[in-house]
Amino acid sequence: MKRLAFIVALLLAAAAPAWADVSRDDAAAVAQRASGGRVLAVERADAGNRPVWRVKVLTQRGDVRVILVDVATGRTV
């Protein structure tokens, strides 16, 4: 019985980072704050073998910029 409890605890610990994923809306907010522009699109992608949100932003100067937001941490890449 102790072994089963250990396995369950181990599986829950391994799944914890999945619960901490940054949402699409959170990624859009991070990119908007970083650029000061208007978010045009948000899609999930991979960068360097890790999942990111690819956020396309229209800056105040009229430039289109792509900002990558790490799915696990919410930090710009």
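The rules behind the values
Residues numbered from 1 in each chain as written. Predicted model: local features only at pLDDT ≥ 70, side-chain atom pairs only at ≥ 80, totals over all residues. Heavy atoms only, no water. Salt bridge = Lys/Arg side-chain N within 4 Å of Asp/Glu carboxyl O. Helix = DSSP H or I, 4+ residues; strand = E, 2+ residues; numbered from the N terminus. Buried < 20%, exposed > 50% of the residue type's maximum accessible area, 1.4 Å probe, protein only. Pairing = 2+ DSSP bridges. Axes fitted to C-alpha atoms, helices over the stretch in contact; angles between N-to-C directions. Polar contact = N/O pair within 3.5 Å; in protein donor to acceptor, adjacent residues only side chain to side chain. Contact = heavy atoms within 4.5 Å.

### Points about the pattern of salt bridges
Phase 1 of the analysis: Counting across every chain of the model gives 4 salt bridges.
Phase 2 of the analysis: With a shortest N-O distance of 3.5 Å, D70 and R50 are connected by a salt bridge. Of this pair, D70 sits in strand β3 (residues 64-70) while R50 is found in strand β2 (residues 50-58), placing the two residues 20 residues apart along the sequence.
Phase 3 of the analysis: Under the relative-accessibility criterion, R50 is labelled partly exposed at 37%.

### Things to note about the sheet that holds β3
Where strands meet in a sheet, backbone hydrogen bonds hold them as pairs that are either parallel or antiparallel.
Phase 1 of the analysis: Read from one edge to the other, the open sheet built from 3 strands follows the order β1-β2-β3, with strand pairing classed as antiparallel. The sheet terminates laterally at β1 (38-47) and β3, the two strands that pair on one side only. Direction aside, neighbouring strands of the sheet carry axes that sit 25° apart on average.
Phase 2 of the analysis: Pairing geometry for β2 and β3, over 7 bridges, is antiparallel. Across the sheet, V52 pairs through a bridge with D70, a residue of β3.

### Some remarks on the side chain of S35
Phase 1 of the analysis: Topologically, S35 is positioned in helix α2 (residues 24-35).
Phase 2 of the analysis: Residue classification places S35 among the buried residues on the basis of a relative accessible area of 17%.
Phase 3 of the analysis: At 3.0 Å, the side chain of S35 forms a polar contact with the backbone oxygen of A31.
Phase 4 of the analysis: The contacts of S35, once residues within four sequence positions are left out, are V57, R65 and I67.

### Let's talk about the pairing of β1
Phase 1 of the analysis: Sheet analysis places β1 next to β2, joined by 9 bridges and oriented antiparallel. When the sheet's bridge partners are listed, A41 is paired in β2 with K56.

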